[in-house]
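# Tertiary structure, described
Residues per chain are reported as follows:
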Amino acid sequence: MDWAPISLAYQHDLAALIPASLLCLLGAVVARLLFNRARLTRWDGQASAATRMEAFASVIGGLFLWGAQFIALRAFDAGVQATYDPIGMVSALVMAIAALYVSARVAGAAMSSSRVLAAVVVRTLGLLGMHVLAVGSLRTTGVVHWGMETLALGFAVNLALSIEAVRFQATGSLWGTISAGLSGWAGLMAMYLISMSGFWIA
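In this text the structure is predicted, and so the values were computed from the model without any measurement.

Glancing now at the environment of Phe70. Within the element layout of this structure, Phe70 appears in helix α3 (residues 47-75). In sequence terms Phe70 and Ala20 are 50 residues apart; their C-alpha atoms lie 8.1 Å from each other.

Bringing the nonpolar core into the picture now. Within soluble globular proteins, side chains that are nonpolar tend to cluster in buried spots. Counting 40 residues, the largest nonpolar core has Leu73, Leu127, Tyr192, Met196 and Phe199 as its most contacted members. Residue assignment for this core shows that the elements contributing at least two residues are α2 (14-43), α3, α4 (86-107), α5 (113-136), α6 (148-169), α7 (174-196) and β4 (199-201).

Let's shift gears to the side chain of Asn36. You can see Asn36 is positioned in helix α2. We classify Asn36 as buried; its relative accessible area is 18%. Leave out the neighbours within four places in its chain, and Asn36 touches Gln169 and Thr177.

Where α4 meets α5, the axes come as close as 8 Å, and the angle between the chain directions of the two elements is 180°. With respect to their mutual orientation, α4 and α5 come out roughly antiparallel.

Right, let's get into the packing of aromatic side chains. For the structure shown, the criterion picks out one aromatic pair. Each ring, one from Trp66 and one from Phe70, has its centre 5.7 Å from the other, and the planes form 15°; the classification is stacked. Of this pair, Trp66 and Phe70 both sit in helix α3, separated by four residues, roughly a single helical turn. For Phe70, a relative accessible area of 29% corresponds to the partly exposed category.

Before going further, it helps to examine α4. The first and last C-alpha atoms of α4 sit 32 Å apart over 22 residues, in line with the 32 Å expected at 1.5 Å per residue. Among the residues making up α4, those that are buried are Gly88, Met89, Ala92, Leu93, Ala96, Ala99, Leu100, Ser103, Ala104 and Ala107. Buried residues in α4, looked at end-on, bunch into an arc of 155°, giving them a common side. For α4, the exposed residues set more than 90 degrees away from the buried face come down to Pro86, Ile87 and Val94. Buried residues in α4 make contact with α2, α3, β1 (82-84) and α5. Among the residues trailing α4, Gly108 stands out with phi positive, at a value near 70°.

This part takes up the packing of α5 against α7. Contact pair α5 / α7: the axes reach a minimum separation of 11 Å and the direction vectors enclose 40°. With respect to their mutual orientation, α5 and α7 come out oblique. Pair α5 / α7 crosses with right-handed handedness. For the pair α5 and α7, contact is made by Leu127, Leu128, His131 and Val135 and by Leu188, Met191, Tyr192, Ser195 and Met196, respectively. Its residues assigned to classes, the contact of α5 with α7 comprises seven nonpolar, two polar and no charged.

Attention shifts here to α6. Between its first and last C-alpha, α6 extends 31 Å over 22 residues, near the 32 Å set by a 1.5 Å rise per residue. Along α6, the residues that are buried comprise Thr150, Leu151, Gly154, Phe155, Asn158, Leu159, Ser162, Ala165 and Gln169. Those residues of α6 hidden inside the fold are in contact with α2, α5, β3 (144-146) and α7.

Conventions used here
- Residues numbered from 1 in each chain as written.
- Predicted model: local features only at pLDDT ≥ 70, side-chain atom pairs only at ≥ 80, totals over all residues.
- Heavy atoms only, no water.
- Helix = DSSP H or I, 4+ residues; strand = E, 2+ residues; numbered from the N terminus.
- Core = buried A, V, L, I, M, F, W, Y, C linked by side-chain atoms within 4.5 Å.
- Buried < 20%, exposed > 50% of the residue type's maximum accessible area, 1.4 Å probe, protein only.
- Contact = heavy atoms within 4.5 Å.
- Axes fitted to C-alpha atoms, helices over the stretch in contact; angles between N-to-C directions.
- Parallel < 35°, antiparallel > 145°, perpendicular 65-115°, else oblique.
- Phe/Tyr/Trp six-rings, centres within 6.5 Å; stacked < 30°, edge-to-face > 60°.
- Expected span 1.5 Å × (residues − 1).
- Arc of directions from axis to C-beta.
- Left-handed = near helix turned anticlockwise from the far one by under 90°.
- Nonpolar A, V, L, I, M, F, W, Y, C, P; charged D, E, K, R; others polar.

Everything listed here is a matter of coordinates, which is why it stays silent on function.
In structure tokens form, the structure reads like this:
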């Protein structure tokens with residue numbers, strides 16, 4: 001088991017991890033911009049159009065975040081020959097899209113503090129599920145070991161930064177939305193690196 005900086009430096013190909021990080025950042029910001037547009041559409045009384053836009057935002061955001069996860073896992077050096085189960089990776093993609101869509105529906109148009117907090121928890125749990133499904137699709141001749149404490153710590157850090165992102169987005173400005181995306185990106189990257197620091201194959 002290694003600390004996250006060691007996982008970053010020695011267990012990953014940085015040439016591939018950097019594009020994965022940028023894709024994750026793009027997905028976090030674009031998804032928030034699209035969800036903001038959907039919320040404004042709902043406030044204008046166009047409920048059906050807003051629902052379609054939320055679904056579109058979920059698919060786009062989910063694809064970006066899942067793509068970043070996939071590239072990052074391809075950059076991970078398992079130490080042994082390894083492949084990934086396509087069904088597991090597709091399941092991870094479905095989980096990412098569902099996490100974004102369900103959290104948007106939980107938040108609703110009213111954006112009350114309790115509903116927003118519940119939405120953040122739902123989204124963070126869903127994206128943790130995406131991560132677990134994606135990593136769990138690894139197929140190798142070795143024995144896979146999960147560090148539950150690092151997985152829990154990664155989730156906690158992501159949740160804290162996701163809650164902080166709400167504070168940025170509450171300003172309603174474009175810069176606030178971008179800042180929220182940056183905070184969300186930092187949470188996702190922290191969750192990935194911290195959890196992977198407790199993952200090994202023997």
